[in-house]
Structure formats: C-alpha cells, structure tokens
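Letter by letter, the chains look like this.
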Amino acid sequence: MTEQHHLTLTVNGRAHSCDVEPRMTLADCLRERLDLTGTHLGCEHGVCGACTIIVDGAAVRSCLMFAVQAEGAEITTVEGLADGETLSVLQQAFHDNFALQCGFCTPGFLTTAETILAENPSPTRAEVQSAISGNICRCTGYVPIIDAILEAAERRRAGKK
Amino acid sequence: MTTSSPYIGASVKRLEDRRFLTGTGRYIDDVKLPDMAVMAIYRSPHAHARINSIDLAAARAVPGVIDAFCAADIDMDLPVIPLRLAPFDGFERFLQRPIAQDKVRFVGEPVAVVIASDRYIAEDALDLIEVDFAPLPAVTSVDQAASGETLIHEDAGENMGTRYTVGRGDTDDAFSDAPYTRRERFTTNRHGAVPMETRGLIAEFDPDAPLLRLYGATKVNFFNRRHLAAAFDLPEEAVELIETDVGGGFGARGELYPEDYLVPIASRRNGRPVKWIEDRRENLTATNHSRDIVCDLEIATSNDGKILGMRATVQGDMGAYVRTNGGVVASKAAQFLPGPYRVPSFSCDVQFLITNKTPVGTFRGPGRFEANFCRERLLDMVAADLNIDPAELRLRNLMEPAELPYRIGELVPGDVNATFDRGNYPSALNQLLDEVGYADWKDRQGEIIDGRAHGLGIACFIESSAAGPPETARVTVAPDGNIEIRTGASSVGQGTETGLAQICADYLAIDIDRINVLHGSTTLVPTGGGTFHSRNTVMAGNAVRMAAEALRTRSIELAALRWNTDAGGLEYRDGAVHRGDDPGSILSLAELAAFARSRGPDEALAADAAFDNEGKLSYSYGAHAALVAVDVATGVIEVKKYVLTEEIGRALNPAMVQGQAVGGLVQGLGGTFLDHMIYDEDGQLLTGSFADYLLPTSTELPEITAIALEESPSEFNPMGFKGAGEGGIVAVAAAVGNAVVHALNAHGIQINDLPITPNRLRAALRATGT
Amino acid sequence: MKPPKFDYFAPDSIESALTLIAEHGDDARYLAGGQSLVPMMNFRVAAPSALIDLNGIATLRGIKVDKNSRLHIGAMTRTREIEMDSTIASANPLLHAAAPHIAHIQIRNRGTIGGSLAHADPAAEMPGIVLACNAEINSIGPAGPRSIAAGDFFEGIYSTALQDGEMITEIVFPPWPAARCWAFQEISRREGDFAMIGIAAWFDLNETGEISAASLTAIGAGDTPLRLPAAEEILSGQPPGDVLFAEAAQAAVNELDPGSDLHASAEYRREVGGVLVERALKTALQREAPGYTA
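Definitions and cut-offs
Here the residue numbering is sequential within each chain, running from 1 through the sequence in written order. Each chain is given a letter, starting from A, and each ligand a number, starting from 1, according to the order in which they appear as written. Per-residue local features of the predicted model are confined to residues with pLDDT of at least 70, and side-chain atom pairs are confined, for both listing and counting, to 80 or more; whole-chain, interface and lining totals are unaffected and use all residues. A helix here means a DSSP run of H or I that spans at least four residues, while a strand means a run of E at least two residues long, and both kinds are numbered starting from the N terminus. The span one expects for a helix is its residue count, reduced by one, times 1.5 Å. Here a residue counts as buried when 20 or more other C-beta atoms sit within 10 Å of its C-beta, as exposed when there are 12 or fewer, and as partly exposed otherwise, the C-beta atoms being derived from the backbone. The arc in question is traced by the directions running from the helix axis to the C-beta atoms. Residues are scored as being in contact if the C-beta atoms we place from backbone atoms lie within 7 Å. Asp, Glu, Lys and Arg are counted as charged, while Ala, Val, Leu, Ile, Met, Phe, Trp, Tyr, Cys and Pro are counted as nonpolar; the rest, among them Gly, fall into the polar class. Strand pairing follows a simple DSSP-based rule, namely that at least 2 bridges must link the two strands. A fitted line through C-alpha atoms represents every axis, and for helices the fit uses only the stretch in contact; the resulting angles, taken between N-to-C directions, go from 0 to 180 degrees. Throughout this description, any angle smaller than 35 degrees is read as roughly parallel, any larger than 145 degrees as roughly antiparallel, any in the 65 to 115 degree range as roughly perpendicular, and the remainder as oblique. Domain delimitation in this document rests on an assignment produced automatically or drawn from a domain database. Residues of type Ala, Val, Leu, Ile, Met, Phe, Trp, Tyr and Cys that are buried and joined through C-beta atoms within 7 Å form what is called a nonpolar core.

### Focus on helix α11 (residues 242-255) of chain C
All names here are of chain C.
Line of reasoning, step 1. Its 14 residues place the ends of α11 20 Å apart at the C-alpha level, agreeing with the 20 Å of an ideal helix rising 1.5 Å per residue.
Line of reasoning, step 2. Regarding α11, the residues found buried are Phe 245, Ala 248, Ala 249, Ala 251 and Ala 252. Taken around the axis of α11, the buried residues stretch over an arc of 160°, which confines them to a single face.
Line of reasoning, step 3. As for α11, its buried residues are in contact with β13 (211-219), α10 (229-235) and α12 (266-286).

### Re the interface of chain C and chain B
Line of reasoning, step 1. Every contact between the two is made by 18 residues of chain C and, on the other side, 24 residues of chain B.
Line of reasoning, step 2. Looking at the side of chain C that touches chain B, the element that brings in the most residues is α12 of chain C, giving five residues.
Line of reasoning, step 3. Across the side of chain C that touches chain B, the residue classes break down as nine nonpolar, two polar and seven charged.

### Regarding the sheet that holds strand β25 (residues 570-573) of chain B
Residue and element names in this part refer to chain B.
Line of reasoning, step 1. The sheet built from three strands is open, its strands ordered β25-β26-β27 with antiparallel pairing. Of all strands in the sheet, those with a lone pairing partner are β25 and β27 (586-588), marking the two edges. Ignoring strand direction, the axes of neighbouring strands in this sheet form an average angle of 25°.
Line of reasoning, step 2. Of the pairings in the sheet, the one linking strand β26 (residues 576-579) to β27 comprises three bridges and is antiparallel in character. Counterpart to Ala 576 in the pairing with β27 is Ser 588.
Line of reasoning, step 3. The sheet contacts of helix α16 (residues 589-598) involve β26 and β27, and relative to β27 the element is tilted by about 75°.

### Re the sheet that holds strand β2 (residues 14-20) of chain A
Residue and element names in this part refer to chain A.
Line of reasoning, step 1. The strand order β2-β1-β5-β3-β4 describes an open sheet built from five strands, whose pairing is mixed. Each end of this open sheet is capped by a strand with a single partner; those strands are β2 and β4 (58-61). Direction aside, neighbouring strands of the sheet carry axes that sit 40° apart on average.
Line of reasoning, step 2. Relative to β4, strand β3 (residues 52-55) runs antiparallel, the two being bridged by four bridges. Within β4, the residue paired with Val 55 across the bridge is Ala 58.

### Side note on the pairing of strand β3 (residues 50-53) of chain C
Residues and elements named next belong to chain C.
Line of reasoning, step 1. Side chains Ala 50 and Ile 52 of β3 all project onto a buried face; the interleaved residues Leu 51 and Asp 53 project onto the opposite face, where all are buried too.
Line of reasoning, step 2. Relative to β3, strand β1 (residues 7-9) is paired through three bridges, and the arrangement is parallel. When the sheet's bridge partners are listed, Asp 7 is paired in β3 with Ala 50.
Line of reasoning, step 3. Pairing analysis gives four bridges linking strand β2 (residues 28-31) to β3, with the strands arranged parallel.

### A closer look at the packing of helix α10 (residues 368-386) of chain B against helix α11 (residues 390-397) of chain B
Residue and element names in this part refer to chain B.
Line of reasoning, step 1. Running from N to C, α10 and α11 point in directions that differ by 110°, and their axes come no closer than 9 Å. When the axes of α10 and α11 are compared, the pair comes out roughly perpendicular. For the pair α10 and α11, contact is made by Leu 379, Asp 380, Val 382 and Ala 383 and by Pro 390, Leu 393 and Arg 394, respectively.
Line of reasoning, step 2. When its residues are assigned to classes, the contact of α10 with α11 shows five nonpolar, no polar and two charged.

### Focus: the domain arrangement of chain B
Residues and elements named next belong to chain B.
Line of reasoning, step 1. Parsing chain B into structural domains produces domain 1 (17-24 + 468-611), domain 2 (31-136 + 198-246 + 253-286) and domain 3 (367-466 + 617-767).
Line of reasoning, step 2. One C-alpha centre belongs to domain 1, the other to domain 3, and the line joining them spans 39 Å.
Line of reasoning, step 3. Taken together, the contacts link 14 residues of domain 1 with 15 residues of domain 3.
Line of reasoning, step 4. Of all elements in the fold, only α14 (496-508) and α15 (536-563) reach the threshold of two or more residues within the side of domain 1 that touches domain 3.
Line of reasoning, step 5. In terms of residue count, the dominant contributor to the side of domain 1 that touches domain 3 is α15 (six residues).
Line of reasoning, step 6. Each residue belonging to the side of domain 1 that touches domain 3 can be placed in one class, and the counts come to two nonpolar, ten polar and two charged.

### Some remarks on the domain arrangement of chain C
Residue and element names in this part refer to chain C.
Line of reasoning, step 1. Annotation of chain C at the domain level lists domain 1 (7-56), domain 2 (58-173) and domain 3 (181-286).
Line of reasoning, step 2. Considering each element in turn, the side of domain 1 that touches domain 2 owes the most residues, five residues, to helix α1 (residues 14-24).
Line of reasoning, step 3. Taken together, the residues of the side of domain 1 that touches domain 2 break down into eight nonpolar, five polar and one charged.

### Overview of the nonpolar core
Line of reasoning, step 1. Core analysis: the largest hydrophobic core is formed by 411 residues, its most contacted members being Val 114 and Cys 504 of chain B.
Line of reasoning, step 2. Looking at which element gives the most residues to this core, the answer is α15 of chain B, with twelve residues.

### Observations concerning unusual backbone geometry
All names here are of chain B.
Line of reasoning, step 1. Omega for the peptide link from Leu 404 to Pro 405 comes to 0°, which places this bond in the cis form.
Line of reasoning, step 2. Turning to its location among the elements, Pro 405 is positioned in the loop between α11 and β18 (406-407).
Line of reasoning, step 3. Between Leu 754 and Pro 755 the backbone carries a cis peptide bond, its omega angle lying at -5°.
Line of reasoning, step 4. Within the fold, Pro 755 resides in the loop between α18 (732-743) and α19 (758-767).
Line of reasoning, step 5. Even without being a glycine, Phe 250 presents a positive backbone phi close to 60°.
Line of reasoning, step 6. Structurally, the position occupied by Phe 250 is in the loop between β12 (239-242) and α7 (258-270).

### Remarks on the interface of chain A and chain B
Line of reasoning, step 1. Counting from both sides, the interface comprises 41 residues of chain A and, opposite them, 45 residues of chain B.
Line of reasoning, step 2. Breaking the side of chain A that touches chain B down by element, the ones donating at least two residues are α2 (89-96), α3 (106-119), α4 (125-131) and α5 (143-157) of chain A.
Line of reasoning, step 3. A class-by-class count of the residues in the side of chain A that touches chain B yields 21 nonpolar, 15 polar and five charged.

### Side note on the environment of Ala 626 of chain B
All names here are of chain B.
Line of reasoning, step 1. When you line up the elements, Ala 626 lands in strand β29 (residues 618-631).
Line of reasoning, step 2. The class for Ala 626 is buried, based on 32 C-beta atoms found within 10 Å.
Line of reasoning, step 3. The sequence separation of Ala 626 and Met 381 amounts to 245 residues, and the corresponding C-alpha distance is 17 Å.
Line of reasoning, step 4. Setting aside residues no more than four positions away along its own chain, Ala 626 makes contact with Gly 457, Val 639, Tyr 642, Ala 735, Val 736 and Ala 739.

Dropping the structure here:
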C-alpha cells in the first residue's frame with residue numbers, strides 16, 4: 001500500500017520507529033526521519049558507496065534498499081562506530097593515516113571496512129583494495145585508506161582496542 | 001620569529017577529522033531549517049531546441065507541491081551569470097541566464113522549477129511538466145561550431161566565443177630555417193571535477209529585512225556575494241553566504257551557477273527557506289565540465305633537439321554558454337604549452353567555440369593537464385625522430401636556474417607580467433630519474449615481462465599557484481585563552497583548518513588544540529579572496545601569519561598598559577608576555593584577553609591582517625614518471641609504478657602535501673583512462689550515470705612515490721610556500737601516454753587522444769596489423 | 001533521484017507472493033535483491049505499481065547438494081553467500097570463481113542469483129555461468145511450477161522466458177566432475193564493472209586424454225549470454241593443446257557477432273573474445289584438478 005508503513009528497527013543499538021512511505025529509501029529514512037545524517041548520498045544508484053551502512057552484519061547500499069525492507073533489522077551507521085568519545089580502532093587508523101580529506105565518502109569506507117575486518121581479520125593489501133572497490137573517494141587517491149585499514153587490522157589483531 | 005616551529009613542516013594530524021569520522025560533519029544536505037521546502041529542477045532533455053510553451057498546471061496540482069515556475073513567472077530582470085576569470089572580449093555575447101527563456105542550448109539547462117514539501121513529491125511533479133520543444137540541430141564538435149552552419153546564440157552571429165593570437169619571438173623565422181619540424185593534433189577528453197558531494201544550496205530570502213542568506217556556498221564567496229547582491233538589487237551587507245562542510249571542490253564547486261539565483265528566487269517567492277540538492281544525474285550535466293580541447297601543435301628544433309620554436313592552434317569546446325571561469329581552460333593550455341623549457345619563439349591561435357554541451361569551467365590543473373599532454377607527447381616523438389633519449393632531450397631544453405626568473409611574455413591577453421620565479425627544473429627531473437631507476441629502464445623500453453609489454457614514460461611540468469585578490473584573517477583570543485581564526489578563504493575539504501592552525505600555533509607559540517578555524521562565510525570577515533588556484537596555504541597562510549604577528553605586538557602593548565611599563569622591556573614567548581626586568585611576571589593570552597575586555601566593550605585581544613602577493617605568482621614545477629605494463633592482445637594497461645617530484649617551496653604539512661599529490665595523481669589516472677563525458681550527435685550525454693561515467697577506484701592503483709621538493713622556497717612570501725594542490729594531476733596523461741607508447745615501441749603506435757582505453761588501444765594496434 | 005510511488009508487500013511464502021502478484025496486475029514486480037531494479041526506479045526508468053518483496057520468503061534461500069551431486073541454489077540466495085560458500089567451491093568452482101567479479105561487496109551482499117537471472121543483463125556473470133553449466137532454472141507462476149533449461153531461458157536484452165507473475169525458485173546445476181578443467185576470464189573497464197567481454201570455459205577429458213565434453217560461453221557479446229558451438233565442436237574429441245585452443249579461439253572469433261557500445265566496439269569484443277577463449281582454455285588445462293581454492 002502506498003500509505004505509510006509503520007517501521008521498527010534498531011540503529012546503533014537504539015530502537016527506533018517511524019512511519020514511512022514504501023518508496024522512501026533506507027538512506028533517506030536514516031537521514032530525514034532519524035536525523036542520522038552521517039550516512040551520505042553520493043549517487044543514489046548504487047555505485048559510489050557513500051551511503052554504505054551495515055544491515056544485520058552486512059555492508060549494503062542504503063540507497064538501494066527501501067526503509068520498509070529494514071523492518072526489524074539491526075543497523076549500524078557511522079554514528080555508531082565510536083565508543084562514546086573514543087574513536088574505534090579503524091576510525092583512529094583513518095585519522096593517523098590521513099585517510100580522509102573532505103570526509104564525504106568516509107562513512108561508507110568505514111562501514112565497509114568494519115565488515116571486511118570482521119570477516120577477515122588478516123586481509124592482504126590486494127584483498128583490501130578489492131573489498132573497498134565499491135566505494136569512491138575523489139580526494140585521497142585511496143592509498144592512505146588502504147594503509148589505514150591494514151593498520152587497523154594489525155592493531156585489532158594485537159588487541160589494542 | 002623567536003620561537004621554534006613545532007607545527008609548520010610537521011605532519012600534524014588533521015583537526016577536521018573527528019567530525020567526519022563520527023558522522024557529525026555538517027554538509028549542506030545535513031542542514032535543516034524550520035519550514036524549509038525543497039526545490040527540484042526540470043532540465044532540458046534537448047541539446048538545442050526552441051521552447052514553444054511550458055505547462056506547469058499538472059505539476060502545480062500535485063498534493064505537496066508549493067510552487068512551480070519558469071522564466072515567464074519570474075518578476076525580475078533575469079541577471080546573467082558573470083565572468084569571474086579570463087573574461088575575454090566577445091564572451092559577453094554568450095553568457096547564461098539562470099533559466100531558459102525561449103531556447104535551450106544544452107541537455108541539463110534549467111527550464112522550470114518545482115518547490116514541494118519533499119524531494120519525492122517534487123520529482124513526481126517534474127514528471128508532469130509539459131514543455132513543447134521544437135528541436136534544432138545540435139552542434140557537438142568544435143569543427144561543427146566553427147563552420148557556423150547552426151548558430152547557438154543567433155544574436156552573436158557566430159559560434160566563436162572569442163579568438164586571439166598570443167606569442168613571443170618570431171616563429172616564422174624559427175620554422176623556416178629549422179632542420180626539423182613535426183606537427184601533431186592532440187585531443188583531451190571532456191571530463192570534470194565530479195566531487196563526491198554534489199552541489200547544494202539553501203536560501204532564506206526575506207525581502208523586507210532585507211536579507212538573503214545562502215547556505216552551501218564555498219570557494220569564492222565574496223565575489224559571489226557581490227554579484228548576487230547586484231542581481232537581487234540588495235546592498236552587499238544584506239547578502240550572507242554561509243559555508244558548511246564541503247565534500248570536495250576540485251574547481252567546479254562554488255562558482256556561480258543558475259541554481260545560485262533560482263534557489264533565492266524560490267525562497268523569495270514562497271517566503272520560506274528552500275533547499276536544493278543536486279542529484280548525481282543533474283550533477284553530470286549541470287556542473288561544469290572541463291578539459292575539452294583540440295590542439296594542433298608544431299615544433300621546430302635543431303638537429304640536436306634544441307627547441308627553436310613552437311606554434312599551435314588550441315580550440316576549446318566551451319559548451320553552450322561562457323560561465324564564470326571564462327576562457328581559463330584553453331587560455332591556460334596555450335600559456336603553458338611551452339612549459340618549463342627554453343622556447344625562444346612561440347605563437348598560438350586560441351579559439352573558444354560554443355557548442356550544445358554542458359558549459360565548461362575549471363578542473364584541478366585547468367589547461368595544464370591538457371598542455372602537458374600535448375607538449376610532452378610531442379617531445380617524445382621528437383626524441384624518437386632525432387634518436388635522442390627522451391630524458392636527455394628534456395635536460396637539453398629545460399631552463400637552467402641562471403635563466404630564471406623568466407618573463408614568459410603576454411601568453412594570455414593582458415597578462416603582461418607573467419614571470420617564472422626562481423627554481424631548478426633540471427634538479428626536479430634528475431631526482432625523478434634517479435628515483436624511478438630511469439638509467440635501468442631506458443634501454444628496456446618495450447620489454448616483454450610475463451607476457452606484457454613494459455614501458456617507462458616521463459613528463460615535465462610547471463604550473464602557477466596562488467593568484468587573485470588578497471586574503472584576510474582575523475585572530476582573536478577568547479577570555480579562556482582559546483584562539484579563533486577567521487578567514488575569507490574557503491575549505492573544500494583539503495585540510496585548510498589544520499594548515500592555518502599550524503601556522504597560528506607556531507607564530508603564537510601555543511598548543512594547536514587551543515585553535516579553532518572558521519572559514520569562508522561572508523559573515524566572518526569583511527572581505528576575502530577565496531579558494532582556487534592552489535592558493536590557501538600561500539594566501540590565507542600568510543594572512544594568518546601576519547595576524548598572529550600583529551597579535552603578538554598587540555599582546556605586548558596590552559601587557560605594557562597592564563603593567564604600566566615600557567613595551568620595550570617586554571617579550572612575547574610561549575604564548576604569553578614576559579617582563580624582562582622581572583622574570584617571574586607573566587601575562588598569558590587569556591589574562592591579556594580578559595584585560596582587553598575590561599577596558600571597554602569594543603576592546604579585544606584580536607588582530608586582523610590581509611596578505612596581498614600583488615599578483616606575483618609562485619610556480620610549482622616538477623616531473624612525473626609512469627611505468628606501465630600493456631597486455632597487447634587485450635589493450636589492458638596496468639600502471640605498475642608512478643613517481644613524481646614537485647617543488648613546492650616549503651611543505652606546511654608533509655602528510656597533507658602527500659595527500660594532495662597522491663589524490664591528484666589518481667584523479668589524473670581517471671582523466672587518462674576513464675573519465676569521459678561522451679555525447680552523441682544529437683547532443684545527448686551518453687555517460688549520465690556512474691555506470692558509464694567511470695571514476696578511478698581502489699583496484700586501479702600503481703605503487704606511488706610522491707616526492708615534495710623544498711629546494712626553492714618562493715621569494716614572494718616570507719614562509720616560502722608555493723601551491724601544492726595541482727602538481728599531482730597535471731602531467732599524468734603526459735607521462736602515462738609516453739609510457740604506453742614506449743611499451744608498444746615494437747608496434748609503432750602513437751597516442752594523441754585521451755582517454756586511453758583498451759578499445760582505442762586495440763584499434764590502434766589492429767591498424768598496424770597487431 | 002527518488003523512486004516513484006508503489007504499493008509494497010512482503011509475503012512470507014511463495015503461495016502468498018503468487019496471490020499478491022495476481023491481485024496487483026501487470027505493473028506489479030517481484031523485488032529480489034533490488035540491486036538492478038532499485039537504481040532503475042531511482043532514475044524513474046522503472047515504475048512498478050507494486051513491489052512484491054521476496055526477501056522474507058525463507059524457502060527461496062539456501063545452498064545444497066543432492067544425492068545425485070546436483071547443486072541447488074535458492075533463487076533468493078545472495079551472491080556474497082555463493083562467493084563465500086565452501087560447498088560451492090567444490091560443487092561448482094566455475095560459479096564460485098565468477099561470483100567475485102559481480103559488482104562490489106555491498107551489491108553482492110544484497111543481489112541474488114535469481115534476481116540476476118531474471119534481470120538478464122547480457123554482460124552479467126550469473127546468466128553466463130548458468131548457461132555455461134547447462135543449469136536448470138526452476139520457476140513457479142500462475143500456471144504452476146516448471147523447469148526451464150538455461151539454454152531456453154534468455155531471450156534478449158533484459159528479456160527471459162519467465163511469464164507474467166512467474167518467479168524463479170531455484171537454480172539446479174548438474175554434477176561437476178572433480179577433474180573438470182575450467183576457467184573464467186573477463187575484461188571490464190574497472191574491477192566490478194560489467195564485462196566488455198567475458199568467457200566461461202570448461203572441458204572434461206576422457207581416459208585417453210581427449211576432450212569428451214566442452215562448454216564455451218561468452219558474456220557481453222550479444223543480446224544474451226551465448227554459447228559458442230562452433231568452437232566447442234572443434235574441441236570435442238580432440239586432445240587438448242595450444243594448436244587446438246588457437247583453432248577454437250579462431251572459431252569463436254568467427255561465430256561471435258557482438259554489438260558496439262560506449263566502452264567497446266564490436267571488433268574489440270570479437271577479437272578479445274577470441275583471446276579470452278584461448279587464454280581460458282590454457283588456464284583450464286593448467287588448473288590442478290580437482291577443485292579450486294579461492
């Protein structure tokens with residue numbers, strides 16, 4: 001039905017509910033309804049990766065999911081990565097490696113990289129390059145992003161949380 | 001300075017990062033104002049058509065639609081978008097108004113506007129707008145434009161935006177006596193900046209106040225304010241341009257575009273804030289394209305490869321209108337064609353042709369990327385023809401330090417004083433050759449390793465930085481001792497806040513964490529120059545330095561008053577004023593700020609400064625090298641290794657400099673292999689999504705070494721900075737093109753056109769029977 | 001770029017989905033992973049009146065090998081699951097190797113094998129692999145369930161044998177001999193892009209070392225994925241070797257009749273198709289049987 005659907009979902013550990021039209025994308029729901037504007041829209045056709053979020057453990061394009069499809073889902077956005085004031089290991093590695101400039105693509109890289117490292121704690125450089133190939137950055141030339149993800153993997157393995 | 005400089009020259013971690021890493025940055029689409037409506041634009045689906053009628057009734061009837069309008073509904077004289085740069089005579093005939101009146105001239109030109117409660121509804125309404133177009137033939141190439149058969153702006157009577165000839169020395173003499181000449185045609189592919197964040201604006205227009213507040217502004221806010229004030233017949237102080245976080249600029253963002261007028265008009269019509277966020281489909285047709293030139297370049301040399309002269313015709317495809325960047329692309333391509341070489345005679349016929357495509361503007365290294373590709377490709381052909389090693393040929397022709405400074409002549413009309421400043425061009429090339437192992441590679445060109453042909457290409461460049469009006473800064477100490485820097489310069493994401501804070505922290509001898517940098521908005525400082533042409537570190541950096549120095553002086557003056565003593569006995573160090581005759585007596589910046597305030601409501605511990613380089617540009621220069629492996633059977637090219645050297649005078653923050661070089665280089669790889677705005681003969685853009693407009697991704701990277709040289713500090717500012725934002729991109733196509741040709745030297749192909757694609761490379765090889 | 005309005009339903013069974021699609025008429029569409037359909041909706045080149053979301057139907061997901069060694073993959077199984085599944089690595093290494101070529105991780109996390117087949121992009125990997133493997137596509141629609149041979153399934157660009165209201169339920173791959181020689185090769189502009197041209201190849205060797213069965217499939221070379229029967233015929237019954245492979249490649253070049261687009265001309269596709277056939281066959285022969293490690 002085109003009328004509003006009542007939606008309940010968990011974002012960054014907090015339960016949310018709101019009414020959405022079926023056609024509202026999950027990205028727009030997060031940004032406009034839940035005011036979680038850290039998730040960015042760079043193309044709205046599933047290529048740039050800026051809108052990547054983690055839905056039930058998997059990195060997905062939030063511009064290619066409708067909010068109604070996230071009923072009951074556990075979602076993590078960039079706002080949910082830090083532990084209070086403490087940056088996550090990955091965020092800190094991005095900072096230490098100058099892995100961001102304008103910052104617009106950064107949330108999508110962080111969410112994608114979090115799922116990569118959860119799945120594969122010891123990725124090779126080539127694996128990291130391939131894993132983030134669905135995220136476009138126009139500023140950094142990717143090199144420091146790859147360095148940061150590899151460094152985060154190493155720090156996580158060493159148990160430095 | 002009496003203090004050390006722990007920050008300048010150090011890779012200080014960026015102050016901006018935390019908000020971006022935690023999703024708490026504030027980009028334009030993150031700004032929400034009470035009662036705000038959204039705007040969407042109906043854009044021309046035709047490249048060239050007359051508008052017979054526009055019917056907005058069905059759009060207006062959609063529930064949730066607040067307003068819909070077209071040119072006929074706007075109750076003001078439609079202003080023209082002004083020329084900001086390279087405003088050559090003749091261009092005034094081809095300026096754009098914010099919305100099409102009786103004719104559309106490119107796919108993507110605004111025709112009508114819808115205001116609605118949300119973007120979904122606005123797009124529903126766009127689908128219901130009925131426009132009766134009478135299509136006209138589209139002009140899609142410079143040759144077609146030059147023929148003048150189809151006129152795009154009838155009143156102009158031609159499609160030649162303007163045309164001029166520039167030069168120095170006598171090319172006729174040089175060419176008539178030359179033992180060797182060669183002429184080639186080169187084309188560089190139309191592509192663009194394509195920042196990750198599309199453009200966006202929010203206008204709050206209260207005609208009674210009067211106040212026009214425009215959020216989402218960046219780059220050249222004070223220039224834009226002046227023109228918007230004139231367009232809307234407001235005093236300048238009634239127009240506020242507010243800069244938010246910006247998701248990349250690269251030249252295209254922050255210029256005045258039609259939407260900078262349409263969003264305020266929409267707000268004024270409806271008495272409420274209106275937001276417009278460009279979507280990616282719009283972005284690829286509505287935001288400036290760049291790079292689109294055809295260059296016929298001819299060179300004359302002696303038998304030992306000494307350049308005697310160069311002559312050229314540069315034809316720039318301007319798109320349908322001349323926008324704010326005027327003739328920058330083609331004029332700078334012409335100016336930089338001779339490059340860092342000793343070219344005693346040079347002449348160039350520069351043509352600016354109007355076509356039915358998206359208007360062009362600047363993109364990182366405008367004209368330089370193009371000029372370097374043409375010249376450096378031709379130099380490699382000369383080297384091959386004369387049997388001289390390409391590096392040796394360049395070393396024979398690069399200007400020596402003793403020849404500098406060098407007045408290059410009036411290679412852009414009116415630019416009579418352009419002068420290459422001091423430098424050591426051969427040093428930058430020699431360091432590149434060492435780093436890339438040129439001596440080892442030069443005799444191995446074309447070697448087959450693991451089934452692929454390998455080649456190493458090199459290219460040299462020079463490029464200007466830090467032009468334009470003075471830049472301003474105000475440094476204020478708050479009562480808690482924290483420092484606020486305000487500057488007229490903008491940040492488009494490159495780390496401006498960090499860089500300026502580094503300078504201020506060193507000059508005030510304080511901890512950088514005490515500094516907060518506010519930038520760009522016209523509400524911060526009375527005037528400013530903005531951000532373009534790699535100028536922030538040079539211009540705003542020196543303004544901050546001067547303001548900090550003035551603040552030290554002011555601190556000493558205040559301390560003298562406070563202690564009722566002579567300023568001569570006081571010294572500023574370690575963030576405080578010390579009393580020479582009483583080593584225990586110290587007044588901190590916080591105490592001095594409090595003291596200043598106690599003296600009256602208008603008193604503060606603050607200092608203003610403006611830095612003016614009086615038009616004296618600093619030139620960054622250097623060289624690039626690419627090692628490529630070509631799969632001859634498929635035309636697939638891998639860039640295995642890339643090295644560049646870039647003389648930047650002095651690195652403010654080496655890690656950020658490295659970021660500029662690597663980021664620029666990878667953008668350049670995109671322009672060399674991928675990025676391409678392709679139009680069909682009807683003027684339809686065929687690459688209107690990211691499925692077809694290809695940007696470089698993380699799997700297409702070479703091993704990169706970017707070396708910033710600090711051998712030749714700029715003499716035009718006391719900190720010695722030169723721009724560092726564009727040297728990474730400007731010679732990429734040149735070096736890669738040369739590398740591919742060397743790799744395929746057994747097949748005798750040339751690369752004169754960009755982008756280099758597997759399809760094109762195979763076509764060239766097929767033509768040789770490979 | 002916001003999608004037009006539609007009605008949305010999320011059935012939890014196939015029966016309920018069939019009822020819903022019947023109720024909502026010709027303009028209703030099934031929604032699988034949405035990684036092709038949703039971009040088209042965002043561009044407003046697709047405007048279904050209703051979406052019947054199949055993501056909640058558990059019976060449409062899963063990977064299993066039956067007692068006859070046939071590999072069954074539920075239509076709503078995500079590409080990423082196929083890529084990461086150790087069963088598939090041995091039950092159909094060709095499919096397993098092709099999966100990572102499909103777009104990027106985020107797309108593979110949502111995109112499904114059934115959705116890819118129903119979308120039928122001629123440059124996509126999944127359609128090519130099911131054709132290469134002689135898989136069967138099981139479906140159900142208003143007329144009941146049926147099984148469609150991959151060779152009969154693809155009818156044109158974005159066009160399949162599926163009737164109105166019919167959905168794919170499962171893809172069944174024939175047994176994969178452990179000693180089968182195979183390779184997948186494609187050329188795309190960037191990693192993850194659709195192939196300009198791609199070749200899936202496999203062949204089996206008999207006890208005397210001749211090729212007893214061969215399959216060569218091209219993607220990105222026409223309106224549908226295409227088998228290359230003339231090239232397959234050349235391989236058949238012959239001992240493998242460079243000369244034979246070169247002949248097969250030439251036959252492929254002769255029988256390929258691709259189109260041109262922005263990224264590659266017909267000539268490019270034809271000649272590089274031949275190059276990839278030759279390379280794929282050489283790679284296949286060199287691959288150490290059995291199986292494959294990703």
